[in-house]
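A look at the structure
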Amino acid sequence: MPNSFEYAIVRVVPRVERGECINAGVLLHCAEHEYLGARIELDEARLLALAPDVDLDAVRRHLAAIPRICEGGRDAGPIGLLPRGERFSWLVATRSTMIQTSAVHVGLCDAPEVVLERLLDKLVRTPRPR
């Protein structure tokens with residue numbers, strides 16, 4: 001029987017005042033499978049086309065922290081020590097910073113890793129011509 005999951009899109013908003021963004025990853029939480037994961041795939045060329053002066057190193061560092069927090073543990077800092085559900089809530093909290101998440105969406109799944117990959121294809125990766 002499928003289990004419920006929650007997900008949010010990770011976005012880079014290089015100039016918060018403009019509100020323009022690039023989808024850079026997906027967070028997925030499935031309590032029944034004891035799963036919290038994130039996949040980040042930033043299209044740096046698209047980001048640079050939107051904001052040629054963006055600090056790519058800073059963006060990379062901030063995005064790299066997200067999967068570490070999902071994994072948890074001391075290497076992820078104080079947030080990494082929180083329970084899985086609380087880490088997800090912290091990651092998807094509303095922010096007005098360069099790294100933001102979408103609203104949380106829900107669905108049903110049997111395999112969270114498979115759904116995470118599908119969401120990445122659908123929401124983050126640049127569509128390929130047919």
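Further up the page is the structure itself.
Description of the structure in this document. Everything numeric here is computed off the predicted structure, so don't read it as measured data.

Remarks on the overall build of the protein
Across its full length, the protein carries four helices and five strands. The order of α-helices and β-strands along the protein, N terminus first, is β-β-β-α-α-α-β-β-α. Dimensions of the protein along its principal axes, counting C-alpha atoms only, are 45 × 45 × 20 Å. The buried share of the protein, taken over its 130 residues, is 37%.

Describing the pattern of salt bridges
Inspection of every chain in the model, using the stated rule, returns nine salt bridges. With its nearest N and O atoms 2.8 Å apart, the salt bridge here joins D53 to R15. On the criterion of sequence distance, the pair formed by D53 in the loop between α1 (44–50) and α2 (56–71) and R15 in the loop between β1 (3–12) and β2 (22–30) is long-range, its members being 38 residues apart. In this structure D53 comes out as exposed when scored by relative accessible area, which is 59%. The exposure class of R15 is partly exposed, given its relative accessible area of 25%. For E20, the salt bridge goes to R18, with nearest N and O atoms at 3.0 Å. Judged by relative accessible area, which is 29%, E20 ranks as partly exposed.

What counts as what
- Numbers given for residues are sequential positions, taken from 1 along each chain in its written order.
- For this predicted model, a pLDDT threshold of at least 70 governs which residues receive local features, and a threshold of 80 or more governs which side-chain atom pairs are given and counted, while totals over whole chains, interfaces and linings are taken from all residues.
- With hydrogens and water excluded, all non-hydrogen atoms of the structure serve as input to the side-chain values.
- Only DSSP runs of H or I covering at least 4 residues are called helices, and only runs of E covering at least 2 are called strands; the numbering of each starts at the N terminus.
- Remark: exposure states derive from per-residue accessible area (1.4 Å probe, protein chains only) relative to the maximum for the residue type, with buried under 20%, exposed over 50%, and partly exposed in between.
- When a carboxyl oxygen of Asp or Glu is within 4 Å of a side-chain nitrogen of Lys or Arg, the pair counts as a salt bridge.

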